[in-house]
Amino acid sequence: MGSPVSPYMPNSAPKAKAEMLSALQVSSLEELYRDLIPQELLYQKELQLPPPISSEYELSRHVQGILNKNISCEEYSSFLGAGCYRHFVPAVCSEIAGRSEFLTAYCGDTYSDHGKMQAIFEYQSMMGELLDLDVVSYTCYDAGQAVSSALRMALRLGKEAGRTELLVPDTMNPEILSQLRSYCQGFGTVRPVGHDPKTGRMDQAALRALLSDKTAAVFLENPSYLGFFEEAAEEIGRLAHEAGAVFVVSPEIASLGVVESPANYGADIVCGDIQPLGIGMHYGGGCAGFLAVRDDPRYIQELPTYLYGIAKTQREGEFGWGRALNQRCSHGSREKAREYFGTASGLWAIVAGSYLGLMGPTGMQELGERILQRTEYAVRKLSAVPGLKVDPFSGARFQEFIINFDTWGLTVQSVNQALLGHHIFGGKDLSADFPALGQSALVCISEITSAQEIDTLAEALSQIAREAIK
């Protein structure tokens, strides 16, 4: 039986296939790959695939049936965060993301496309203002790659001096930590630094014990993955610099309208994710990382991604845009580049630039203030739930905090399952990644989390507690 003709695949008709095979002087597709794929790697059985859907209407109904099984955050209240956040997305951002001149040609090619180049340049400029830094990279895939690339930069900067150790907080995002270890394997060693069990903040005595002439960088998340601010960040940066190490900080970008940029308490490289800047939550997408440094050639030359620059033209008052120092990149010098990067997130740079332009400094300040206020309200409200341990680390926090169910004798999984009955997505289960915290969940509050939603969560948890005590 011959393969079916697909309405979605050009040249899938038998005649067209035969003409292409004839031009290649082969009799079949199998012959085309015979010299490329070893026989022992070929799958010898028939794939058990469902029959093809040839009608566009039937395909649409099939996909919609799958999507209808989902429950969106418009239907249920969500208190999930842990790296991907539900913020308000202005309609302009969605419109920009869907426009064909950006959506289908997002990364600035061809080289004459000055419109997209200017859009990315404006994004970099506004990010530089928000971060108080001179140079901001083109986007990379996500915060994980941004952190990994920042620490690979530190390893390259310290290579000649034999600096191969990276010191990171043991409370950092476990997914990014896993990515970092893989990314730096063969180049350096990742060494977690312990924390003060009362505050969650990095143990400075433990840091001093680990700092040496082998330390390439000290890394912080601020605020941390667990929500608290590292209040001794400036002192930690000073210790790193005294040891000759690079100080790398990953902030929550939505917090920078109300807190100081890491650049102003000593960070040499600032990195993170721009997903909160007008980008909705996506299953497997919607993230984009950034790297930012001062106007220091040593650091700029180690940035692995594109840089978009502005230049005067022959006409007075007219400017052009283009890629700068392209030889650093894998697109400019392939295997001789600093490291590989891709262009898959360039659309989000343009969207984030649109968001920053809409918000301005006042808007970013209001965003941060509202998140702080609603987080504080949530902490106070949930603290009134009988037996619920809330925010064990206390101190200054932003957007996220821990709640613990140990006194109820319940697991996070069982509590979250019960919350679904109240149309609530509970917090991120921390029990596997941080067993010392017991049955704890990470609760996220954003600027669009209403007081009513927080009240409903508190009522639902109170009911679950009563049923557990019975």
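Going by the structure above, here's the rest.
Residues numbered from 1 in each chain as written. Predicted model: local features only at pLDDT ≥ 70, side-chain atom pairs only at ≥ 80, totals over all residues. Heavy atoms only, no water.

Moving on, we get to the overall build of the protein chain. Helix and strand content of the protein chain: 15 helices and 15 strands. Taken along the three principal axes of its C-alpha coordinates, the protein chain extends 75 × 60 × 55 Å. Taken across its 470 residues, the protein chain has 48% of its residues classed as buried. A sequence separation of at least 24 residues applies to 70% of the contacts in the protein chain between residues at least 6 apart. Carbon and sulfur atoms make up 53% of the accessible area of the protein chain, which totals about 24,100 Å². Both charge centroids of the protein chain, one from 38 positive and one from 56 negative side chains, sit 3 Å from each other. (Helix = DSSP H or I, 4+ residues; strand = E, 2+ residues; numbered from the N terminus. Buried < 20%, exposed > 50% of the residue type's maximum accessible area, 1.4 Å probe, protein only. Contact = heavy atoms within 4.5 Å. Areas by Shrake-Rupley, 256 points an atom, 1.4 Å probe, with all protein chains shown as cover. Lys, Arg positive; Asp, Glu negative; His and termini not counted. Charge placed at Lys NZ, Arg CZ, Asp CG, Glu CD.)

With that out of the way, let us pick up the pattern of salt bridges. Throughout the structure, instances matching the rule amount to 17 salt bridges. One salt bridge connects E302 with R156, and the closest N-O pair in it is separated by 2.6 Å. Taken together, the residues span a long stretch of sequence, with E302 in the loop between α11 (297-300) and β9 (308-312) and R156 in helix α7 (residues 143-157) at a distance of 146 residues. When salt bridges that share partners are traced, they join R156, E302, R338 and E339 into one network. (Salt bridge = Lys/Arg side-chain N within 4 Å of Asp/Glu carboxyl O.)

Attention shifts here to the packing of aromatic side chains. Per the stated rule, a full pass over the model turns up 9 aromatic pairs. Consider the rings of F405 and W408, whose centres lie 5.4 Å apart with planes at 35°: the pair is tilted. Each of the two residues, F405 as well as W408, counts as buried. Cluster of aromatic residues (ring-pair linked, three or more members): Y138, Y306 and Y308. In this structure, R152 is placed above the aromatic ring of F187, and the distance from its NZ or CZ to the ring centre is 3.9 Å. In this arrangement the basic side chain of R323 is found over the ring face of Y306, its NZ or CZ atom lying 3.8 Å from the centre. (Phe/Tyr/Trp six-rings, centres within 6.5 Å; stacked < 30°, edge-to-face > 60°. Lys NZ or Arg CZ within 6 Å of the ring centre and 35° of its normal.)

Once that is clear, we can look at the nonpolar core. In this structure, M127, L131, L207, I274 and L277 are the most contacted members of the largest nonpolar core, which totals 48 residues. Among the elements that make up this core, the one with the highest residue count is helix α13 (residues 346-383) (9 residues). Judged by nonpolar contacts, the second largest core, of 31 residues, contains L155, I176, L177 and V246. (Core = buried A, V, L, I, M, F, W, Y, C linked by side-chain atoms within 4.5 Å.)

It is worth spelling out the pairing of strand β10 (residues 319-323) at this point. One ladder, built from 5 bridges, connects β9 with β10; its direction is antiparallel. When the bridges of β10 are listed, I310 appears paired with W321. Between β9 and β10, which follow one another and run antiparallel, lie 6 residues, and G317 among them has a positive phi close to 80°. (Pairing = 2+ DSSP bridges.)

Moving on to the environment of G438. Positionally, G438 belongs in the loop between β14 (428-429) and β15 (440-444). For the pair G438 and N404, spaced 34 residues apart in sequence, the C-alpha separation works out to 7.2 Å. When sequence neighbours within four positions are dropped, the list of residues in contact with G438 reads N404, D406 and S431.

This brings us to the side chain of R163. Relative to the helices and strands, R163 resides in the loop between α7 and β3 (165-169). Of the side chains with opposite charge, D213 comes closest to the buried, unpaired R163, at an N-O distance of 6.5 Å. A polar contact of 2.7 Å, which involves the side chain of R163, links it to the backbone oxygen of T215. Among the polar contacts listed, one links the side chain of R163 to the backbone oxygen of A243, at a separation of 2.9 Å. Once residues lying within four places of it in the same chain are set aside, the contact partners of R163 are L155, G158, S212, D213, K214, T215, A216, A243, G244 and A245. (Polar contact = N/O pair within 3.5 Å; in protein donor to acceptor, adjacent residues only side chain to side chain.)

Right, let's talk about the sheet that holds strand β2 (residues 135-136) for a bit. Read across the sheet, 7 strands follow the order β2-β8-β7-β6-β5-β3-β4 without closing on themselves; strand pairing throughout is mixed. Looking at strand neighbours, the two that pair on one side only are β2 and β4 (189-193), the edges of this open sheet. When strand β7 (residues 269-273) meets strand β8 (residues 289-293), the two strands line up antiparallel, connected through 5 bridges. What sits directly across from V270, in β8, is A292.

Those residues of helix α10 (residues 233-242) not exposed but buried are A233, I236, G237, L239 and A240. Taken down its axis, α10 places every buried residue within 160° of arc, on the same side. Exposed residues on α10 whose side chains face more than 90 degrees from its buried face are E234 and E242. On its buried face, α10 is in contact with α9 (204-210), β5 (215-221) and β6 (246-250). G244, located one to two residues past α10, shows a positive phi value of around 80°. (Arc of directions from axis to C-beta.)

Let's shift gears to the environment of Q275. Residue position: Q275 is located in the loop between β7 and β8. Judged by relative accessible area, which is 1%, Q275 ranks as buried. With residues up to four places along the chain from it excluded, the contact list for Q275 reads G83, C84, Y85, G280, M281, G286 and C287.

Turning next to unusual backbone geometry. Here the amide bond leading from N222 into P223 is cis, since omega sits at 5°, within 30 degrees of zero. Within the fold, P223 resides in the loop between β5 and α10. Residues other than glycine seldom take positive phi values, yet A82 does so here, at roughly 60°.

The contact between helix α14 (residues 412-420) and helix α15 (residues 451-469) brings their axes to 10 Å, and the two run at 120°. Comparing the axis directions of α14 and α15 gives the class oblique. Between α14 and α15 lies a crossing of right-handed hand. Contacts from V415, A418 and L419 of α14 reach α15 at L457, A460, L461 and I464. For the contact of α14 with α15, the class distribution of residues is 7 nonpolar, no polar and no charged. (Axes fitted to C-alpha atoms, helices over the stretch in contact; angles between N-to-C directions. Parallel < 35°, antiparallel > 145°, perpendicular 65-115°, else oblique. Left-handed = near helix turned anticlockwise from the far one by under 90°. Nonpolar A, V, L, I, M, F, W, Y, C, P; charged D, E, K, R; others polar.)

It is worth spelling out the packing of α7 against helix α8 (residues 174-184) at this point. The contact between α7 and α8 brings their axes to 9 Å, and the two run at 40°. In terms of orientation, α7 and α8 fall into the oblique class. Judged by the twist between their axes, the crossing of α7 over α8 is right-handed. On the side of α7, the interface is formed by A143, G144, Q145, V147, S148, S149, L151, R152 and L155, while α8 contributes I176, Q179, L180, Y183 and C184. The class makeup of the residues in the contact of α7 with α8 is 8 nonpolar, 5 polar and 1 charged.

So yeah, pure geometry; function would need other evidence.
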